[in-house]
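This is what each chain is made of:
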Amino acid sequence: MSGFNNPVVGGNDTLVREAIQSDGFQSGVSGWRIERSGDAEFNDVVVRGTVRTGDSGQYILIESGPDGNRIQFFSGAVQEVAPGVVEVDQPVSGQSTLTVAAPDLGYGNPPALTLTSGPLVSDNNADLSSPYSITMNAEILSLAFSQLFDLISARINLTATGANGINLDGGPGGINASSLITASGGILLPVGEYIKRGGLGTPTFGTGWSAFGGGFQAPRYIEYPDHTAGLIGVATGTPATGGTTILSFPAGLAPAASHTFDAPCNNGKHTQLLVTSAGNVVLQNPDTGITWVSLGNISWPMVGF
Amino acid sequence: MTQVQLRAVGSGTLDGSGSGTVRVGPLGHGVTWLPKVASIRMAGDPPPTAATCYVYAGVMATDAYFCDATYDVNNDSTDRVSGSELRLGQYVFAVWSGGTPGADVTLIVTGDQEVP
């Protein structure tokens, strides 16, 4: 014999009953229960140390400590050298941070995302150690991102109430917008500054036509910032009869309907140039004997203007 | 000192809530009990809900003197009382909870005792 045959707790600290439970235990309602299988149910639990769930390779640690409270995610991946972390901290008085860091899967330790709230007492500029940081703080005058910051399918609203407005400094790379920018209050440029156009595009020459050369500007098409487009340069070639297409440019830059321009040619001669909605530049009623055509001073509103 | 066999029986009746305590212990000065087994009994059918019987050996039925506990409140035995040396004023306690109200209960302690 070693104790009762039907003991509450068996010898050697082994639970031999199917389960032990508190008086009046009701699953999901009240009391506690510990089952021999390893399952258990409690009401409130205070754990002074670390809580760990999962198996030996893939598990979650919930822990608190002097450096903040955090949850660590160990994926079990063989190349994982550091766990994923969600951490809540109060680095200085009155300021709280939430940090989310992905695990290092062998490609280098990725930067963490840190959300910070509360006033910065000693610095009005965002002096953030993490390159991926957003600080919600009315006193902060600038934010610095040293690495690419992407928000996909999201919207950023910046509202300034002070006289200084919102200042964006894109650095040497400038500020890039891949979609339409709408300024409902207009755009004010300082003296000496201007809205810059895009680059010069090289057209496709018609049969027998090419750049004039000899130091003159080669024919190019231009998309201007006011949604007009135009031509520059001098073209030469044959045939030089009416209906000859001397060059073509992308149809997206073409006018909605055909436009006709007067173009100077060699020896004071002239020709009409027909710019079509398909992006073709066609000689129209040319003087006899023309050998080159100046394309300057030709511009039109692009389709959709 | 002379060592003789010990067999002590105590009995009682559980109250209206199915609780009750029975104790047995040395009755005279100079007598020392060396219990080996404590057996508990409760007459009647097993109670419909979980019941327990806790056994203690010492001056009172508290955690400091706990020996063993069972869910089988009708008939079970434990040797976890062995090793105790009980003198006058000390007892083996059996404490029922959740038993059948009004049921007769019995505590039997066997072992050795030393008498002057």
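Owing to the predicted nature of the structure, the values given are computational and were not obtained by experimental measurement.

Colleague: Describe the confidence of the model for chain A, and please don't skip the residues or the numbers.
Modeller: This prediction gives chain A a mean pLDDT of 81; 81% of its residues lie at or above 70. Considering only residues more than four positions removed or in separate chains, one finds that residues 120–154 of chain A, a stretch of pLDDT under 50, has 47 contacts.

Colleague: Outline the sheet that holds strand 21 (residues 292–294) of chain A, supporting the account with residue identities and numerical values.
Modeller: All names here are of chain A. Read across the open sheet, the three strands follow the order 13-16-21; overall the sheet is antiparallel. Two strands close off the open sheet at either side, each with one partner strand: strand 13 (209–211) and strand 21. Sheet twist, expressed as the average angle between the axes of neighbouring strands with direction ignored, equals 30°. The pairing of strand 16 (residues 234–237) with strand 21 spans three bridges and is antiparallel. Considered in strand 21, the bridge of Thr-236 is made with Trp-292.

Colleague: Before we move on, can you summarise the packing of aromatic side chains with the specific residues and values?
Modeller: Each aromatic ring pair is summarised here by two numbers: the centre-to-centre distance and the angle between the ring planes. Summed over all chains, the structure comprises nine aromatic pairs over all chains. Their ring planes at 20° and their centres at 4.5 Å tell us that Tyr-59 of chain A and Phe-74 of chain A sit as a pair that is stacked. With Tyr-59 of chain A in strand 5 (residues 59–65) and Phe-74 of chain A in strand 6 (residues 68–74), this residue pair connects regions lying 15 residues apart in the sequence. Each member of the pair, Tyr-59 of chain A as well as Phe-74 of chain A, is classed as buried. Measuring from ring centre to ring centre gives 6.0 Å for Tyr-56 of chain B and Phe-66 of chain B, while their planes differ by 75°; the resulting arrangement is edge-to-face. Of the two residues, Tyr-56 of chain B sits in strand 4 (residues 52–58) while Phe-66 of chain B sits in strand 5 (residues 66–70), which places them ten residues apart along the sequence. A relative accessible area of 9% means that Tyr-56 of chain B is categorised as buried. Ring pairs connect the aromatic residues Phe-212, Phe-216 and Trp-292 of chain A, which therefore count as one cluster. Sitting over the ring of Tyr-59 of chain A, Arg-52 of chain A keeps its end group 3.7 Å from the ring centre. Its guanidinium or amino end placed over the ring of Tyr-91 of chain B, Arg-23 of chain B lies 4.0 Å from that ring's centre, counting from NZ or CZ.

Reading guide: rules and limits
- Residues numbered from 1 in each chain as written.
- Chains lettered and ligands numbered in written order.
- Predicted model: local features only at pLDDT ≥ 70, side-chain atom pairs only at ≥ 80, totals over all residues.
- Heavy atoms only, no water.
- pLDDT = per-residue confidence, 0-100.
- Contact = heavy atoms within 4.5 Å.
- Pairing = 2+ DSSP bridges.
- Helix = DSSP H or I, 4+ residues; strand = E, 2+ residues; numbered from the N terminus.
- Axes fitted to C-alpha atoms, helices over the stretch in contact; angles between N-to-C directions.
- Phe/Tyr/Trp six-rings, centres within 6.5 Å; stacked < 30°, edge-to-face > 60°.
- Buried < 20%, exposed > 50% of the residue type's maximum accessible area, 1.4 Å probe, protein only.
- Lys NZ or Arg CZ within 6 Å of the ring centre and 35° of its normal.

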